[in-house]
2 protein chains.
Amino acid sequence: MIESLDAIAGVGRDPGTGGYRRHVWGDADMLLREWFASEATARGMDLVEDGNGNQLAWWGSGPDALLLGSHLDSVPDGGAYDGPLGIVSSFAAVDRLSAEGFEPSRPIAVASFADEEGARFGIACAGSQLTTGALVPARALAQKDRDGVTMAEAMAARGRDPRAVGRTSWLADVGAFVELHVEQGRSLVHSGAPVGVASAIWPHGRWRLDFCGEANHAGATRMEDRRDPMPAYATTVLAARRLAIETGARATFGRIEVEPGGTNAIPSRVSAWLDARAGDEKDLSRLVTDLVTEARAAAAADGTALHLVTESVSPAVRFDGPLRDRIAATLDAPVLATGAGHDAGVLSAQVPTAMLFVRNPTGVSHSPEEHAEDDDCAAGVTALTEVVRDLA
Amino acid sequence: MIESLDAIAGVGRDPGTGGYRRHVWGDADMLLREWFASEATARGMDLVEDGNGNQLAWWGSGPDALLLGSHLDSVPDGGAYDGPLGIVSSFAAVDRLSAEGFEPSRPIAVASFADEEGARFGIACAGSQLTTGALVPARALAQKDRDGVTMAEAMAARGRDPRAVGRTSWLADVGAFVELHVEQGRSLVHSGAPVGVASAIWPHGRWRLDFCGEANHAGATRMEDRRDPMPAYATTVLAARRLAIETGARATFGRIEVEPGGTNAIPSRVSAWLDARAGDEKDLSRLVTDLVTEARAAAAADGTALHLVTESVSPAVRFDGPLRDRIAATLDAPVLATGAGHDAGVLSAQVPTAMLFVRNPTGVSHSPEEHAEDDDCAAGVTALTEVVRDLA
């Protein structure tokens, strides 16, 4: 299983940072698609790529299938496990059952969902959201990357037809989905368990805050004469942290663009992306409302303005209760909630869905430092194998 | 004269912002070099490009020359006047004197200094600093742009020899330098004068502050478990403004880079460039020291670290007293200081140097909104013509 991760360890890895840059329809993504296809072929599984770029490898066919899998793409400078661990573990579970001569009572499929991180076009879980209809094709196709390339253009450049984007027929054949994923926190460390079962995903969203002022000379313009948008952004960063700590929520500014971006020019615009999550929708909504109120006040005090764009908001996900309880009992595994979004959260709106987490010793994720011990990865494969044996 | 500015109005202008992006050794810069060469040729002036990429057009030759000129490059999204106004005004003054049959008693040259804004490689006044020896060639040549291209590579790509960079022999032939420039403030508006004479340039510098933390998942990492460098940056932005206002200085953060730069990733690093200026060296030094002390404390409180890199520090410039007084008397013009750096400030260390400023109705500069009225530009040409007539 770790061998299987090793096979793609060099794909999309930045030699400077050691982190992965696997973004949808980029060169690394295309290599990973070829790797997935060859893994399917090697097992005699039928390969399908749907109109959204999701890949599926089928063991059998027909209704009420048991779907496994995760994603292969990464955040900028992401780790080796977030996504790929679920896919290699799914193939490994198929191998183990197949070697035992296990004959499943229902079709089994392994999925690689496209663009889970949304690193290139700004919409997380784009592949799964398009599949369920949660994301409107026109909106997705018009999204631009940092170079101004739309998703439609990026697909066409790889020979994919943007008109094929949208709801897919294969979803009607899925009776249940189980996604295995590395934990992105330390709950399992505290539990002393290598594998856990998900209870829920926090509601979360992304907002773009455009602080707009006036460019001017950094040396010749008196502080009193400026309409500099940067201090209001700074005030907002500090307010976000304070509000998140006060409410037990999470708020992050991890991406920012400054125009014109010269050392000796006062900015005309600071665009900053807020990632916020909270235990329930009401808390999340209040956090963002309170933060924007403070940000607007700070901007107005400086003669600048704030424009808010809501890029995405995902409601809380509570995974299928009977499926969660059955898996937890089968594995004797702890049950935990997470602040991270997943394709499993998207599919859970239409299909009974469960998640397995594999222990992360440091809790670090979305970083080159992300890690899981080999023994824990092996325990993940064993757990997923048992789940499939029980459900299929 | 305005016609002359019109001739290059389309070069390097971004259609979206309306601002100029004329950066050294880029496509726009090469077109401007051709334009300068053709202006020299059209007047029968001898064209020289020195090893640093500075262009000079000579009317006569030999020692004790009177040098005019400015620069053609811009900050990102800069205005049409900052730099080019001085060059077109210099050519216009030459034209006017030449048409009158004026026979100068000394050689006259018009210079276009390379890379005054330092927008691409981060060192302001690189062309003039290399010429005087204030900047060591090896340091300049190793500077990288945002794509990792060194100045040496950028020069070589344009057929220039990086080994030719350094002190130039032509400087020994210069007896005085007069740079005309659009004002980057509103002193002349308050004075009610279209043209003024510079007394001094404030000391100024550029520092890069690298706030280093640890990348992690924006959703799954508790606020208490983060080592996020962004809040310390935010605290530093607000401290910079407060300290600058308290001390009558200027401090700006106009450029920032965030790694890894994903919306759902806590940053591992925030690099921010501080531009700071003050009335004298002691005030500037204290401002930066106090700011860095606060920044380090904020970083340490968050379990992050600050690394400081001093990119450049320019001492105060006090322009040649007798030359300043003679010009101010000739023109009956007001005398003013500026917070903006100029090639004139660099050359003043080795050559009697003066500056003329042309009124800027809004004071806005380093912005597409930068403007000067046609009548004031014409007054600038007249003033420069009178100065040349008096000095040559």
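Residues numbered from 1 in each chain as written. Chains lettered and ligands numbered in written order. Predicted model: local features only at pLDDT ≥ 70, side-chain atom pairs only at ≥ 80, totals over all residues. Heavy atoms only, no water.

Caption draft 1: Structural context of the domain arrangement of chain A. Residues and elements named next belong to chain A. Under the domain assignment, chain A is made up of domain 1 (2-202 + 316-391) and domain 2 (204-314). Taking only C-alpha atoms into account, the centre of domain 1 sits 33 Å from that of domain 2. Across the domain 1 to domain 2 interface the summed buried area is about 1100 Å²; carbon plus sulfur atoms make up 40%. On the domain 1 side of the contact with domain 2, R146, W202 and A316 bury the most area, a combined 53% of that side's loss. Our count for the domain 1 to domain 2 interface comes out at 0 salt bridges. Linking domain 1 to domain 2 there are 6 residue pairs in polar contact (both at pLDDT 80 or more). Looking at the side of domain 1 that touches domain 2 residue by residue, the classes come out as 6 nonpolar, 4 polar and 4 charged. (Domains from an automatic or database assignment. Buried area = accessible area lost by both parts, 1.4 Å probe. Salt bridge = Lys/Arg side-chain N within 4 Å of Asp/Glu carboxyl O. Polar contact = N/O pair within 3.5 Å; in protein donor to acceptor, adjacent residues only side chain to side chain. Nonpolar A, V, L, I, M, F, W, Y, C, P; charged D, E, K, R; others polar.)

Caption draft 2: The nonpolar core, seen in detail. Core analysis: the largest hydrophobic core is formed by 64 residues, its most contacted members being Y233(A), F253(A), Y233(B) and F253(B). Among residues more than four places away in sequence, those in contact with Y233(B) are M230(A), Y233(A), F211(B), F253(B), I256(B), V270(B) and A272(B). (Core = buried A, V, L, I, M, F, W, Y, C linked by side-chain atoms within 4.5 Å. Buried < 20%, exposed > 50% of the residue type's maximum accessible area, 1.4 Å probe, protein only. Contact = heavy atoms within 4.5 Å.)

Caption draft 3: Structural context of the interface of chain B and chain A. Counting from both sides, the interface comprises 60 residues of chain B and, opposite them, 60 residues of chain A. Taken together, the connections running from chain B to chain A amount to 2 salt bridges. In this structure, R241(B) and D302(A) form a salt bridge, with 2.9 Å as the shortest nitrogen-oxygen distance. At the boundary of chain B with chain A, the tally comes to 18 residue pairs in polar contact (both at pLDDT 80 or more). Elements with a contribution of two residues or more to the side of chain B that touches chain A: strand 8 (216-217), helix 8 (230-247), strand 9 (250-259), strand 10 (265-266) and strand 11 (269-277) of chain B. With 10 residues, the top contributor of residues to the side of chain B that touches chain A is helix 8 of chain B. For the side of chain B that touches chain A, the per-class residue count stands at 26 nonpolar, 18 polar and 16 charged. (Helix = DSSP H or I, 4+ residues; strand = E, 2+ residues; numbered from the N terminus.)

Caption draft 4: Spotlight on the relation of the copies chain B and chain A. Take chain B, turn it by 180 degrees, move it 0.0 Å along the axis, and it overlays chain A with an RMSD of 0.1 Å. The operation mapping one copy onto its partner corresponds to a two-fold rotation axis. Among all C-alpha atoms of chain B, that of A234(B) lies closest to the rotation axis, at 2.1 Å. A share of 100% of the interface residues of chain B reappears at the interface of chain A, consistent with the copies meeting face to face through the same patch. (Least-squares fit on C-alpha atoms with pLDDT ≥ 70 in both.)

Caption draft 5: Layout of the sheet that holds strand 11 (residues 269-277) of chain A. Residues and elements named next belong to chain A. Strand order in the open sheet formed by 4 strands is 9-11-7-12, with antiparallel pairing between adjacent strands. Whereas interior strands pair on both sides, the edge strands pair on one side only; in this sheet they are strand 9 (250-259) and strand 12 (305-314). The mean inter-strand angle of the sheet, taken between neighbouring strand axes irrespective of direction, is 15 degrees. Of the strand pairs in this sheet, strand 9 and strand 11 are connected by 9 bridges, and their pairing is antiparallel. Following the sheet pairing, I256 is matched in strand 11 by A272. Lying on the sheet, helix 9 (residues 281-301) is in contact with strand 7 (204-212), strand 9, strand 11 and strand 12; it crosses strand 12 at an angle near 165 degrees. (Pairing = 2+ DSSP bridges. Axes fitted to C-alpha atoms, helices over the stretch in contact; angles between N-to-C directions.)

Caption draft 6: Just helix 8 of chain B, in detail. Its 18 residues give helix 8 of chain B an end-to-end C-alpha distance of 26 Å, which sits within 8% of 26 Å, the value for a rise of 1.5 Å per residue. Residues of helix 8 of chain B that are buried include every one of M230(B), P231(B), A232(B), Y233(B), A234(B), T236(B), V237(B), A239(B), A240(B), L243(B) and A244(B), and no others. Buried residues in helix 8 of chain B make contact with helix 8 (230-247) and strand 9 of chain A together with strand 7 (204-212), strand 9, strand 11 and helix 9 (281-301) of chain B. Taken from the residues just after helix 8 of chain B, G248(B) is the one with a positive phi, measuring 65 degrees. (Expected span 1.5 Å × (residues − 1).)

Caption draft 7: Region of the structure containing the sheet that holds strand 11 of chain B. All names here are of chain B. What the 4 strands build is an open sheet, ordered 9-11-7-12; its pairing is antiparallel. A single partner strand is all that each edge strand has here, and the edge strands are strand 9 and strand 12 (305-314). Neighbour-to-neighbour, the strand axes of this sheet turn through a mean angle of 15 degrees, independent of strand direction. Across 9 bridges, the pairing between strand 7 and strand 11 is antiparallel. Bridge pairing in strand 11 links R206 to D275. Strands strand 7, strand 9, strand 11 and strand 12 of the sheet are contacted by helix 9, whose axis makes an angle of about 165 degrees with strand 12.

Caption draft 8: Main features of the side chain of T168(B). Residues and elements named next belong to chain B. Turning to its location among the elements, T168 is positioned in the loop between helix 6 (151-157) and strand 5 (174-182). The exposure class of T168 is buried, given its relative accessible area of 16%. Not counting residues within four places of it along the chain, the set of residues in contact with T168 comprises D50, N52 and T131.

Caption draft 9: View of unusual backbone geometry. Residue P260(A) follows E259(A) across a cis peptide bond; omega there is -5 degrees. Following the sequence through the fold, P260(A) ends up in the loop between strand 9 and strand 10 (265-266). Positive phi is not limited to glycine here, since D77(A) has a value of about 60 degrees. Summarising the element assignment, D77(A) is placed in the loop between strand 3 (65-71) and helix 3 (84-99). Phi angles above zero are rare outside glycine, and D64(B) is one such case at about 60 degrees. Tracing the chain through its elements places D64(B) in the loop between strand 2 (55-59) and strand 3 (65-71). Overall, the relative accessible area of 44% leaves D64(B) in the partly exposed class.

Caption draft 10: Looking closely at the packing of helix 10 (residues 321-331) of chain B against helix 12 (residues 374-391) of chain B. Residues and elements named next belong to chain B. At a minimum axis distance of 10 Å, the contact between helix 10 and helix 12 shows a crossing angle of 120 degrees. In terms of orientation, helix 10 lies oblique with respect to helix 12. For the element pair helix 10 and helix 12, the recorded crossing hand is right-handed. For the pair helix 10 and helix 12, contact is made by L323, R326, I327, T330 and L331 and by A383, E386, V387, D390 and L391, respectively. Of the residues contributing to the contact of helix 10 with helix 12, the split by class is 6 nonpolar, 1 polar and 3 charged. (Parallel < 35°, antiparallel > 145°, perpendicular 65-115°, else oblique. Left-handed = near helix turned anticlockwise from the far one by under 90°.)

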